[in-house]
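Letter by letter, the chains look like this.
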Amino acid sequence: MPVKDLTVSGSLDLKPRKEENPPAERPQKVGFVSLGCPKNLVDSEVMMGLLARSGAELTRRADDADVIVVNTCSFIESAQQESVNTILEMAAHKTSGRAKRLVVAGCLVERFRDQIRQDIPEVDAVVGTGELEKILAATGLAPAPAPGNSPFVVLPSRPEGDARAAQGRFSRESWARESWTGAIGDLPNYLYDDATPRILATPQHMAYIKIAEGCDHPCTFCIIPQLRGKFRSRRFESVVAEAERLAQNGVREVTLIGQDTTCYGEDFGLKDGLALLLEKLAAIEDLRWVRFLYAYPNKITGKLLDTIAQHDKICSYMDVPLQHASASVLKRMKRGGGADVFLRSIAKMRRTVPGLTLRTSFIVGFPGETEKEFEELCDFVREAQFDWMGAFAYSDQDGAEAYALDKKLSPREIERRRKHLMGIQCQISRKNKKKLVGQKFDLLLEGESEETELLLEGRTTMHAPEIDGKVFVNDFPEEIEPQPGQFYRCQITEAHDYDLVAKIL
């Protein structure tokens, strides 16, 4: 199915068919599978924009694609396995379907560039995180000049279907530790700007804006600096220009993302850069909500909190991945801080920003984590009363400093601790959600529920896209025809562990 309302220019690098009356050459159809986080999704959107500008026709059906691109994630072991499974799933469209080329992009390429080509011969080309512009050569398209206006259209980011098993052609053991250094080469330094074409893969009313790339933090559990390079901010004017263009094209909610958005602007001497940027974005008339994700705990300044509190368009929402609460574990993680420091910081956040929604995430089972240190984390979660929380099982990452640490916990024990921590949070969430019954909020309606056609679903400022619970709508006035992408006033009528039920007023 071709993408609607897409105007592109440029020629195709395809040889004419040898027929007596050859038909007019048709555009290459390219399908995308985007895995991982929103930062990866933006990379997919940029690659789709570059392809569309050069004449490609994007399709949301893998069966219809001449070229399939899989943009991979490699953050943890399960993400690596999902990436490999998906590559193999898409390879079947080349061996027994219509597809002629298979391209693998993203973080997995930065880690296992040579091994991907060697172990999965169906792959024709690889594109790393720092070489997105090479997607044209990888797919066989010639570059084309930019049109006057970048098109922004809706394209789901992943074809339907479960990834098949690895079929015996891949094992983590075959991609050994010694391959790590050679696979990375030079650190990525690519950074898109407002002139780079993008094809939105999100609903038409919302979009992510990547304001920075890479990371300089030395966390021992993480390999993002190797996969994404050093921290680098986009130009201030570039981000504002992109947000203005998105708003002109119907986007009403923008979410700022980066490995650490709170460091924005530090690399070119801008103090409180994120706060200044938020102020500028809040002044864009057609935007309704502005939020940001991934705040580093010791980078949350008073100026940033005051800015959130002073502007209605800036969502009173903070995503602060704390990773742990035990000072000794955090020291081994090279993170710093501890329960007492974090509690004081949380109190200041809630005092400064009325009605603040606070999200965090933790890693359980870090090497050497004792039962006492884990209980410190559990006690902290009970006291902090987070609105949203995620818990991740520690996963060894070849190349991360923690890989060489002793006293590794068994997977079974790590999973036990993860479930225990999430059980604590479930009780907290259930209690806090019940307090919302009867309260009224602005609701961004997203459309028919994925669970049943009998319900609509949407989000409030308390709900970041894709990661938090949902608000299900089961009642609205007869004179209203609810439309996706529109804002409505709603009242909460029921509360569950993580989701809410509401009626439109």
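Notes on the structure in this doc start here. The residue count restarts for each chain, going from 1 along the sequence in the order it is written. For a predicted model such as this one, the threshold for reporting local features is a pLDDT of at least 70, and the threshold for listing and counting side-chain atom pairs is 80 or more; totals across whole chains, interfaces and linings nevertheless cover every residue. Processing note: side-chain calculations cover all non-hydrogen atoms of the structure and skip hydrogens and water entirely.

## Observations concerning the sheet that holds strand β13 (residues 388-393)
Filter applied, for reference: Strands qualify as paired when DSSP identifies two bridges or more between them. Helix numbers and strand numbers start at the N terminus; a helix is a DSSP run of H or I with at least 4 residues, a strand a run of E with at least 2. Whenever a helix is involved, its axis is fitted only over the stretch in contact; in every case the axis is a line through C-alpha atoms, and angles between N-to-C directions fall within 0 to 180 degrees.
The three strands lie next to each other as β11-β12-β13, forming an open sheet whose pairing is parallel. The open sheet is flanked by β11 (317-319) and β13, the only strands paired with a single partner. Direction aside, the axes of adjacent strands within the sheet are offset by 10° on average. Inspection of the sheet shows strand β12 (residues 357-364) paired to β13 by six bridges, in the parallel sense.

## Remarks on the sheet that holds strand β4 (residues 101-106)
This is how the line gets drawn: Here, residues are in contact when the closest pair of their heavy atoms is within 4.5 Å.
Reading across from one edge, β2-β1-β3-β4-β5 is the order of the five strands in this open sheet, with parallel pairing throughout. A strand with exactly one partner marks an edge of an open sheet, and here the two such strands are β2 (57-59) and β5 (125-127). Taking each pair of neighbouring strands and ignoring which way they run, the sheet shows an average axis angle of 25°. The pairing of strand β1 (residues 29-34) with strand β3 (residues 67-72) spans five bridges and is parallel. Within the sheet, the bridge partner assigned to V33 lies in β3 and is V70. Helix α1 (residues 38-53) rests against β1, β2, β3 and β4 of the sheet, and its axis sits at about 170° to β1. On top of the sheet, helix α3 (residues 107-119) reaches β3, β4 and β5; it is set at about 140° to β4, its chief contact.

## Topic: the packing of helix α2 (residues 77-95) against α3
Using the following cut-off: Should an angle lie under 35 degrees it is considered roughly parallel, over 145 roughly antiparallel, and from 65 to 115 roughly perpendicular; all remaining angles are considered oblique. Any residue that is not Ala, Val, Leu, Ile, Met, Phe, Trp, Tyr, Cys, Pro, Asp, Glu, Lys or Arg is counted as polar, Gly included; the first ten are nonpolar and the last four charged.
Where α2 contacts α3, the two axes come as close as 11 Å, and the packing angle between them is 75°. Between α2 and α3, the crossing angle belongs to the class labelled roughly perpendicular. Taken together, the residues of α3 that come into contact with α2 (itself represented by Q80, S83, V84 and I87) are L108, R111 and F112. Its residues placed into classes, the contact of α2 with α3 shows four nonpolar, two polar and one charged.

Function cannot be read off these values alone, since they describe shape.
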